[in-house]
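Report on the structure
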Amino acid sequence: MTDISYKNWLSMSDDALVKKVGGFIKHHRLEQNKTQELVASAAGISRSTLSLLEKRRNRYAGNTHSGASGIRPVTSYGGF
């Protein structure tokens, strides 16, 4: 789950991306003993959206855009 090696992200489906990213976020959030509220706030999303990501559910299924464009990169806050 911590493997962040190159993948062809553009060729992945929205659902595959949500599963990969959601698992990665949850793993590292728990490893750092952070709450969903803290990480969601740092990323500029709601806690419920983060919860859906961590559960690997795509609330934007069926849309042509994943809806993730409004999510700020957590790295701009020094990580989470």
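Calculation rules
- Residues numbered from 1 in each chain as written.
- Predicted model: local features only at pLDDT ≥ 70, side-chain atom pairs only at ≥ 80, totals over all residues.
- Heavy atoms only, no water.
- Salt bridge = Lys/Arg side-chain N within 4 Å of Asp/Glu carboxyl O.
- Helix = DSSP H or I, 4+ residues; strand = E, 2+ residues; numbered from the N terminus.
- Buried < 20%, exposed > 50% of the residue type's maximum accessible area, 1.4 Å probe, protein only.
- Core = buried A, V, L, I, M, F, W, Y, C linked by side-chain atoms within 4.5 Å.
- pLDDT = per-residue confidence, 0-100.
- Axes fitted to C-alpha atoms, helices over the stretch in contact; angles between N-to-C directions.
- Parallel < 35°, antiparallel > 145°, perpendicular 65-115°, else oblique.
- Contact = heavy atoms within 4.5 Å.
- Nonpolar A, V, L, I, M, F, W, Y, C, P; charged D, E, K, R; others polar.

1. Focus on the pattern of salt bridges
Scanning the entire structure with this criterion turns up 1 salt bridge. Between Arg-29 and Glu-54 there is a salt bridge whose closest N-O contact spans 2.6 Å. Of this pair, Arg-29 sits in helix α1 (residues 14-31) while Glu-54 sits in helix α3 (residues 47-54), placing them 25 residues apart in sequence. Take Arg-29 and Glu-54: they sit in the same class, and that class is buried.

2. With respect to the nonpolar core
Most often, soluble globular proteins have nonpolar side chains that are buried together. Counting residues in each nonpolar core, the largest one holds 8 residues, listed as Val-18, Ile-25, Val-39, Ala-40, Ala-43, Ile-45, Leu-50 and Leu-53. Residue assignment for this core shows that the elements contributing at least two residues are α1, α2 (36-43) and α3. Among the elements that line this core, the one with the most residues is α2, at 3 residues.

3. Regarding the confidence of the model for the chain
Per-residue confidence for the chain averages 75 on the pLDDT scale, and 62% of its residues sit at or above 70. Across the chain, α2 holds the top mean pLDDT of 96, while α1 sits lowest at 89.

4. Details of the packing of α2 against α3
Interhelical geometry of α2 versus α3 gives an angle of 105° and a closest axis separation of 8 Å. Between α2 and α3, the interaxial angle falls into the category roughly perpendicular. Contacts between α2 and α3 involve Gln-36, Glu-37, Val-39 and Ala-40 on the former and, on the latter, Arg-47, Leu-50, Ser-51 and Glu-54. Considered class by class, the residues forming the contact of α2 with α3 number 3 nonpolar, 2 polar and 3 charged.

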